[in-house]
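If you want the building blocks of each chain, they are given just below.
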Amino acid sequence: MIRLTPVQIGEEKQSSMSLFCKKCNSRRLPKWVKEKNETDWLCETCGNYVDSKNNIVGQYTK
Ligand SMILES: [Zn+2]
């Protein structure tokens with residue numbers, strides 16, 4: 001018998017998202033990358049980009 005609690009489901013959803021920065025918990029901004037046909041996610045506080053799988057793919061320089 002499978003039992004799922006709402007807490008477990010919520011945690012699973014959050015960890016699979018790139019929307020929030022793991023380091024500082026700030027909300028990331030979506031940046032469309034034409035060449036890759038993908039959306040990267042920028043954390044303005046840490047200055048890094050992650051892809052849709054939450055892998056760091058670049059560093060933002062001002
Ligand atoms: Zn951050």
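About the thresholds
- Residues numbered from 1 in each chain as written.
- Predicted model: local features only at pLDDT ≥ 70, side-chain atom pairs only at ≥ 80, totals over all residues.
- Helix = DSSP H or I, 4+ residues; strand = E, 2+ residues; numbered from the N terminus.
- Contact = placed C-beta atoms within 7 Å.
- pLDDT = per-residue confidence, 0-100.
- Pairing = 2+ DSSP bridges.
- Axes fitted to C-alpha atoms, helices over the stretch in contact; angles between N-to-C directions.

S.K.: Is there a simple way to think about the overall build of the protein in this case?
M.R.: The helix and strand tally for the protein stands at 1 helix and 4 strands. Put simply, 8% of the contacts in the protein that link residues at least 6 apart link residues at least 24 apart.

S.K.: Would you mind showing me how to read the confidence of the model for the protein here?
M.R.: Low pLDDT marks stretches whose predicted atomic positions should not be read closely. Per-residue confidence for the protein averages 80 on the pLDDT scale, and 76% of its residues sit at or above 70. Confidence drops under a pLDDT of 50 for residues 11-16, and excluding neighbours within four residues, the segment shows 0 contacts in the predicted structure.

S.K.: Honestly, the sheet that holds strand 4 (residues 56-59) in this entry has me stumped. Any pointers?
M.R.: Across a sheet, strands are paired by hydrogen bonds formed along the backbone, either parallel or antiparallel in direction. Spatially, the 4 strands line up as an open sheet ordered 1-2-3-4, and their pairing is antiparallel. What marks the edges here is a single partner per strand, and that holds for strand 1 (29-33) and strand 4. Pairs of neighbouring strands in the sheet enclose a mean axial angle of 35°, with direction left out of account.

S.K.: Please explain the environment of Val 57 as it appears in this structure.
M.R.: Along the chain, Val 57 falls in strand 4. Note: C-alpha distance between Val 57 and Asp 40 (17 residues apart in sequence) is 8.2 Å. When near neighbours in sequence (up to four residues on either side) are disregarded, Val 57 contacts Asp 40, Tyr 49, Val 50 and Asp 51.

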